[in-house]
Amino acid sequence: MPWQSRTADQEDGREKVDVNRLPSPDDLLILLTVARLGRFNAVAETLGTTHTTISRRILALDKQLGGRTLERSPHGWELTELGSRAVAAAEAIEATLGSLAGAIGDGEHSLSGMVRISTSDGFGAEFVAPALVRLQKENPLLDIEMLSATRKVSQNRSGVDLEVVVGRMEVTNVQPIFLTNYFLRLYASPGYVRSRGLPAALDDVREHGFVSYVESALQVAELGHRSSQLPAPQSSFQATSVFAQVEAVRHGAGIGLLPNFMVANKPDFVPVLPELFQRQLPIWAVARPESLRSASVRAVVEALKAEVSGRRDILAA
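Residues numbered from 1 in each chain as written. Predicted model: local features only at pLDDT ≥ 70, side-chain atom pairs only at ≥ 80, totals over all residues. Heavy atoms only, no water.

1. Here's the deal with the environment of D121
Piece 1. In this structure, D121 sits in helix 5 (residues 121-138).
Piece 2. Separated by 27 residues in the primary sequence, D121 and S148 have C-alpha atoms spaced 5.1 Å apart.
Piece 3. Discounting chain neighbours no more than four positions away, the residues touching D121 are S148, T150, Y213, S241, V242 and F243. (Helix = DSSP H or I, 4+ residues; strand = E, 2+ residues; numbered from the N terminus. Contact = heavy atoms within 4.5 Å.)

See the structure below:
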């Protein structure tokens, strides 16, 4: 039988496969990316295409499979039962292609593809970025997108493979992985201390300028001044960026509520009332089950754990 007819037929007692009825591997991999990121826009950005194209490819896959693979929920796009079976096939395709890419590249175990991660900016710069750079050097086919966002873990599908978040966990549709605890403590610059002195008690903080997050824009209440039980300050300098807060304290804007791992043991920062005030907060890596089945995402989690483990001293300072 001519190959171009490509219809089911009997040959030597075996049925030939109608390849026109097989789902597209490309469409299956798109579905897998949607399952991990949860938003068509995020998938389009990752794959370098458009929201419309992603929607069209999913519709085409649904038609080939004879049913819907995705359904909307309060948390974004979620897999149907058919979609879960299709994603299992997509994961097998991804693993095979990953092995082939690694064999062609620098080693058969090299990771490849894109991993999108969101993280608070301070911890991201100090811990996440170094960990990801080392991982990428070991796996040159791996692409990284790191987004800065100081927020609670998203109730909805977040558009990233992995979130690094601070504070209490208040959602149940994700898998949290504890990374470490750190401390928020009070610091001032040597120049500020010389000109204004140090408070003798917590209540004396009201006589000083105070540096912290913009309360109205803050998603993690534990990072802000209002939840610290400190008195209202004489004046405040608020910024959404922790790097701006660090610089404001360095230049004498006031006493700052800062992460210990960013300023501890540095000569530009003097501890303020260390015996009377500190706040311990946890940091988590959070992902959906579909993301954690990715070898690249699991490798990122292990790289973060290794980075934290190797630098316990700065977190305890």
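2. Here we look at the packing of aromatic side chains
Piece 1. Applying the stated criterion to the full structure yields five aromatic pairs.
Piece 2. The interplanar angle of 75° and the centroid separation of 5.5 Å between the aromatic rings of F178 and W284 together place this pair among those described as edge-to-face. With a gap of 106 residues between them, F178 in strand 8 (residues 175-188) and W284 in strand 13 (residues 279-287) connect regions that are remote in the sequence.
Piece 3. Considering the side-chain rings of Y182 and F261, the 5.3 Å spacing of their centres and the 65° angle between planes classify their relative orientation as edge-to-face. (Phe/Tyr/Trp six-rings, centres within 6.5 Å; stacked < 30°, edge-to-face > 60°.)

3. Overview of empty space enclosed by the protein
Empty space left among the atoms is revealed by rolling a probe the size of a water molecule over them.
Piece 1. Throughout the structure, instances matching the rule amount to three cavities of 30 Å³ or more.
Piece 2. Taken as a whole, the largest cavity holds about 120 Å³ of empty space.
Piece 3. In this structure, the largest cavity is lined by 16 residues; those nearest its centre are S120, Y182, Y213, L223 and P259.
Piece 4. Considering only residue class, the lining of the largest cavity consists of 12 nonpolar, three polar and one charged. (1 Å grid on protein atoms, 1.4 Å probe; cavity = no way out; pocket = protein on both sides within 12 Å on 5 of 7 lines; lining within 4 Å. Points joined across faces, edges and corners; volume = space filled by probe spheres on them. Nonpolar A, V, L, I, M, F, W, Y, C, P; charged D, E, K, R; others polar.)

4. Some remarks on the pattern of salt bridges
Piece 1. Enumeration over the complete set of coordinates arrives at 12 salt bridges.
Piece 2. Note that R85 and E81 form a salt bridge whose closest N and O atoms lie 3.6 Å from each other. One end of the pair, R85, and the other, E81, are both in helix 4 (residues 81-104), four residues apart, so they sit about a helical turn from each other.
Piece 3. A salt bridge links R250 to E247; its shortest N-O distance comes to 3.0 Å. Here the residue R250 and the residue E247 both occupy positions in helix 7 (residues 242-250), the gap between them amounting to three residues, near one helical turn. (Salt bridge = Lys/Arg side-chain N within 4 Å of Asp/Glu carboxyl O.)

In short, the description is geometric, and any link to function would need to be established separately.
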